[in-house]
Amino acid sequence: MNKENLKVIEIEIKNKKLEINTLKQTNWFTIGARIWNCAKILIKLFIESSNKEENGNITEISIIHHFNNLNINFKQSKFLELGSGTGICGLTLAILGAYQVTLTDYFHQDILSLLQYNYQQNSHLFYNNNDNYSIVQIKSLNWGNIDIEDFNDKTIFNQQLSLYDEDWDWIIGSDLIYDDTESIEPLIWTLQRLIKNKIVIRNGIEKQIETKALFSVEIRSEISYFAFISKLQENFNLKMVLIEDKVINEICGCDNLKITIFLIESK
């Protein structure tokens, strides 16, 4: 990790200061190592949902009012973040009291090292002292039907496959589709294997798992955006909410952005 190429951004979450390191200089392989506006929107939704769970409060300018029946239930939920980048969304979930958070990105050393570094810099905010374990894990996950021949280390291949056997309550992601269509099919393939309904035993209690996904998507290319929507509707139940301009301006300080929240469930 070249610390000279790092820029620290501080964000306050529930009176806790989250310090996120981003890369000053990025390339196509590390473009996710920034804090994008979609991540800010998703974080806003998480915080509002947490406030609603705790005291029923909803701010005047909000996102959560679009999702009247959304119940994230942080303390009982296992989250898997796809394309974590800096890890800011997943680490926010950990601060909000998530049961377990797994941050993932594709197998690239610079990205995984940044994720690990951001986790280490903030682990004191969400380390479970009572049970002596961290609720955050970091793993690689390449979307699509991966082949063992793509990996020099068979352990990494098996680790990625094991993520599909886990029982996730929520799959989250921000800005996963940029302005191309090439990543859509691998992402859909991955979602098909992660979103499932089953009964599991957790903490000695039987629980019905109905995995859902929450994505924030910026509309950069209408071709890729509508291609993604088409594939999602073909395979899942999909609710879409286009975030109001005034909300985006308040959160991101930007005009002329079009960002949508997707709530994805099995059919």
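None of these values were measured; they are calculated from a predicted model.

1. Here we look at the environment of I31
Tracing the chain through its elements places I31 in the loop between β2 (16-23) and α1 (37-55). Residue classification places I31 among the partly exposed residues on the basis of a relative accessible area of 23%. Those residues in contact with I31 that lie beyond four places of it in its chain are T26, W36 and Y178.

2. Concerning unusual backbone geometry
Even without being glycine, N15 reaches a positive phi, approximately 65 degrees. For N15, the location among the structural elements is in the loop between β1 (6-13) and β2. Of the residues examined, N15 reaches a relative accessible area of 72% and is grouped as exposed. At N73, a position not held by glycine, the phi torsion is positive, near 55 degrees. With respect to the helices, strands and loops of the structure, N73 is situated in the loop between α1 and β3 (78-81).

3. A short note on the pairing of strand β13 (residues 259-265)
Along a regular strand, successive side chains alternate from one face of the sheet to the other. Within β13, six of the seven residues are buried, which leaves it mostly tucked inside the rest of the structure. For strand β12 (residues 237-242) and β13, the ladder comprises six bridges, and the chain directions are antiparallel. Its bridge partner lying in β13, L242 is registered against T260.

4. What about the pattern of salt bridges?
When their charged atoms lie close together, side chains carrying opposite charge are able to pair. Summed over all chains, the structure comprises 11 salt bridges. In this structure, E218 engages R220 in a salt bridge whose closest nitrogen and oxygen atoms are separated by 3.2 Å. For R220, a relative accessible area of 29% translates into the label partly exposed. When the shortest N-O distance is used, the salt bridge between K231 and E234 registers 4.0 Å. Taken together, the positions of K231 and E234, both in helix α6 (residues 222-235) and three residues apart, correspond to about one turn of that helix. Look at the salt bridges and you will find they share partners, linking D175, E218 and R220 into a network.

5. Digging into the packing of aromatic side chains
By the definition in use, this model includes nine aromatic pairs. With centroids separated by 6.3 Å and ring planes inclined at 25 degrees, the aromatic side chains of Y119 and F126 adopt a geometry described as stacked. One exposure class covers both Y119 and F126, and it is buried. Both rings, one in Y225 and one in F226, keep their centres 5.1 Å apart while their planes meet at 75 degrees; by these two values the pair is edge-to-face. Each member of the aromatic cluster is reached from another via a ring pair, and the members are Y225, F226, F228 and F262.

6. Quick word on the layout of surface pockets
Empty space within the largest pocket amounts to approximately 820 Å³. Surrounding the largest pocket, 27 residues form its lining, I31, D105, Y106, W143 and L176 being those nearest its centre. Of the residues belonging to the lining of the largest pocket, the class tally is 13 nonpolar, eight polar and six charged. Considering only enclosed or pocket space, the second largest pocket measures out at about 330 Å³ in volume.

Cut-offs used in this document
Residues numbered from 1 in each chain as written. Predicted model: local features only at pLDDT ≥ 70, side-chain atom pairs only at ≥ 80, totals over all residues. Heavy atoms only, no water. Helix = DSSP H or I, 4+ residues; strand = E, 2+ residues; numbered from the N terminus. Buried < 20%, exposed > 50% of the residue type's maximum accessible area, 1.4 Å probe, protein only. Contact = heavy atoms within 4.5 Å. Pairing = 2+ DSSP bridges. Salt bridge = Lys/Arg side-chain N within 4 Å of Asp/Glu carboxyl O. Phe/Tyr/Trp six-rings, centres within 6.5 Å; stacked < 30°, edge-to-face > 60°. 1 Å grid on protein atoms, 1.4 Å probe; cavity = no way out; pocket = protein on both sides within 12 Å on 5 of 7 lines; lining within 4 Å. Points joined across faces, edges and corners; volume = space filled by probe spheres on them. Nonpolar A, V, L, I, M, F, W, Y, C, P; charged D, E, K, R; others polar.

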